[in-house]
Each structure stands twice: as C-alpha cells, then as structure tokens.
Amino acid sequence: MNTQIRPAPVRRSIFVKVPPDRAFDVFTNGIGQWWPKTHKIGPADLDRPIIEPREGGRWYERDVDGSECEIGKVAAWDPPARVVLIWQLTPEFTYDPNLITEVEVLFTPEGDGTRVDLEHRDLERMGDKADAMRETVSGPGGWPALLQLFADEAAK
Amino acid sequence: MANTARLISALADPTRRAVLEKLKDGPRPVGEIAQGLPVTRPAVSQHLKVLKEAGLVSDRSVGTRRIYYIDPKGLGAMRAWLDQFWGAALDSFKLAAEAEAEKFKKKDGE
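Okay, so let's go over this structure. Numbers given to residues run from 1 along each chain, matching the order in which its sequence is written. As they are written, the chains are lettered A onward and the ligands numbered 1 onward, keeping that order. In view of the model being predicted, local features appear only for residues whose pLDDT reaches at least 70, and side-chain atom pairs are presented and counted only at 80 or more, with totals across whole chains, interfaces and linings using the full set of residues. To obtain the side-chain values, all non-hydrogen atoms of the structure were used and water was disregarded.

## Describing the overall build of chain B
- Helix and strand definitions follow DSSP, with helices as H or I runs of at least four residues and strands as E runs of at least two, each counted in order from the N terminus. From N to C terminus, chain B includes 5 helices and 3 strands.
- Starting at the N terminus and walking to the C terminus, you meet the elements of chain B as α-α-β-α-α-β-β-α.
- Accessibility here uses a 1.4 Å probe with only protein chains present; expressed as a share of the type maximum, an area under 20% marks a residue as buried, one over 50% as exposed, and anything in between as partly exposed. For chain B, buried positions account for 45% of its 110 residues.
- Contacts in chain B between residues far apart in sequence, at least 24 positions, make up 50% of those at least 6 positions apart.
- Methods summary: accessible areas were calculated by the Shrake-Rupley approach with a probe of 1.4 Å, and residue burial reflects only the protein chains presented. Total accessible area computed for chain B in this model is approximately 5,800 Å², and 52% of it derives from carbon and sulfur atoms. Residue contacts are counted whenever heavy atoms from the two residues lie within 4.5 Å of one another.

## A few points about the sheet that holds strand β2 (residues 57-62) of chain B
All names here are of chain B.
- Sheet architecture is open: 3 strands sit in the order β1-β3-β2, paired in antiparallel fashion. Each having just a single partner strand, β1 (28-29) and β2 make up the two edges of the open sheet.
- Pairing between β1 and strand β3 (residues 65-70): 2 bridges, direction antiparallel. Paired with R28 across the bridge in β3 is Y68. In this scheme, strands are said to pair when DSSP sees at least two bridges between them.

## Things to note about the side chain of A:T114
Residue and element names in this part refer to chain A.
- Its place among the elements puts T114 in strand β7 (residues 113-121).
- On the accessibility criterion, T114 (0% relative accessible area) is buried.
- Definition of a polar contact: a pair of N or O atoms within 3.5 Å, with one able to donate and the other able to accept a hydrogen when the atoms are protein atoms, and with sequence-neighbouring residues admitted only if both atoms are side-chain atoms. A polar atom in the side chain of T114 sits 2.6 Å from the backbone oxygen of V18.
- Here T114 is in contact with I14, F15, V16, V18, P19, P20, A23, F107 and T108, once residues within four sequence places are set aside.

## A closer look at the nonpolar core
- Within the largest apolar cluster, 39 residues are counted, with the highest numbers of intra-cluster contacts made by A:F27, A:W34, A:W35, A:W87, A:F107, B:W86 and B:F93.
- At 9 residues, the largest contribution of residues to this core is made by helix α5 (residues 72-109) of chain B.
- The set of buried Ala, Val, Leu, Ile, Met, Phe, Trp, Tyr and Cys residues whose side-chain atoms join them within 4.5 Å is what this entry labels a nonpolar core. Counting residues in hydrophobic clusters, the runner-up holds 17 residues, among them B:A10, B:A18, B:L37 and B:A54.

## Remarks on the pairing of strand β2 (residues 46-51) of chain A
- Two elements, β2(A) and strand β3 (residues 58-63) of chain A, share 5 bridges in a ladder whose sense is antiparallel. In the sheet register, A:R48 faces β3(A), and the bridge partner there is A:R62.

## Brief notes about the sheet that holds strand β4 (residues 68-78) of chain A
Residue and element names in this part refer to chain A.
- Taken together, 7 strands build an open sheet; the order of strands is β1-β7-β6-β5-β4-β3-β2 and the sheet is antiparallel. Lying at the two open borders of the sheet, with one neighbouring strand each, are β1 (10-16) and β2. With direction set aside, neighbouring strand axes in the sheet form an average angle of 20°.
- Relative to β7, β1 runs antiparallel, the two sharing 7 bridges. Bridge pairing in β7 places S13 opposite D117. Axis geometry follows a simple rule: fit a line to the C-alpha atoms, using only the stretch in contact for helices, then measure angles between N-to-C directions, giving values from 0 to 180 degrees.

Any functional reading would require information that these geometric values do not contain.
Here's what the structure looks like:
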C-alpha cells in the first residue's frame, strides 16, 4: 500500500523588516541569537546552536562546557533565498541519526522587508521512531515537560 | 499529556497503521476493516481500541453496528509541539533580526 496516513507539515511564516540577505544571515549564522535556550540536547547549559554554512554542513549545539551535540545537517544552502535543514531530533529532543525530517526556510523579498516561510515536513517519520521513544517520552524531561515550556513561553 | 505518549506508541505499530489506512477513505465497520488484513477480527478490534484511546480513531453506533472513523484532531496532536516550537522560535528570530537592523541604522547615523 503506497498511500499513508501522514500529519500535515508544520508551516509558519513571519515578516521581518530587514532585507533577505540579513534575514538569511541572522537565521543561519545568527541562530545563537534567537534559538530558545531551553531547547537543548546535552546535559550542560546551551552556549549556542551552530549551522555550518554549506550544503552537507553540520547543525549542532555547543554547550558551555565545550561539548557538542548533533541536531542535524544542512541539505541545501542557497543564500539569501533558501536553506534546507535536516532535523534529526525526536520529539523529546534527543538526536537520532536514522530520523530524517526536513525544515525548509524560504526568504522572499516583500515590501520593505522579507517574508520568511518555514516548513517542517516528514513528521510521520517521528511516528515510526515512536517505539524506541515510548519508554522515555512520558518521563520527567520528556514531551510533557517540553509542552509545559511551550505553554510558559506562550503565556509570556 | 499522557495522551501524547499513547498517540505515538499507537502509531508505532505497522498493523495499527494499516488499520488507520483502511479508514482513510471514510468510516467503516470492524468487519470491513479486517478484510485483507493478516490478523483476526478480534485483533483488529483490539487495535481499534488502542487507536481510539490514543485519540486517532473515533466510533459511533449506526443501528446495531459500530462504525469507526479517523479522528482528524488526533494526528494534529503529534505536530502540535513543533508548531508551537517554530512559532516561538520565529518570533524570537524576528526580534533578533530587527534588533540587528536597528544597530546598523544607529551606526550609519553616527
């Protein structure tokens, strides 16, 4: 059977009052300035995530103790119009080299700024990984904790 | 929250995904769902129960029969946190990008 039940991709757009090249630069090279510090993989405090500026580059986090944890990879690097990242984190923020989901970000000139369109797709693959996740996902620090963080964030 | 854990473990089973796929084209009674699947009808009922508890499938009575259908809200729960995550992340990105721009403007003005 080649039809599959799949969740719709997550799609988010935002308008920023800067030109596409600057928006692209802040999104990629400046990811440390805006990535939520609470969303980290390693046990140490997050220094910043890093996106290597090339196709095939690493996407990883550096922690304050100098350790590094993989987040994913760079699948396409087309400044200032487009970047495609491979997100390899399970829903509880652990790295899984076998999990491939895509995050495509488009930077389109609009008026006096840039429209940023983000699409996170292939989410059904997270469902395929759910078996291994089942044990930890409802424990402390798992999905419920993450959801609480979002709720706190949203309430600010 | 516990519902989310149930959701993803429900989706991890290939037979349960096959059961879900059977419901893709519309509501069906258990007998029709079991047709063509390599498991017994009681097993299908058991899978439907798990899918129902996970919020992926709902059922209703039609006469003496019970009809199962995909609960459109169930699959959405799985992606809800990512939706929220990217929403918050992009808001934060906008602040960072525009703060940068302000800095440059000030420098240019000096």
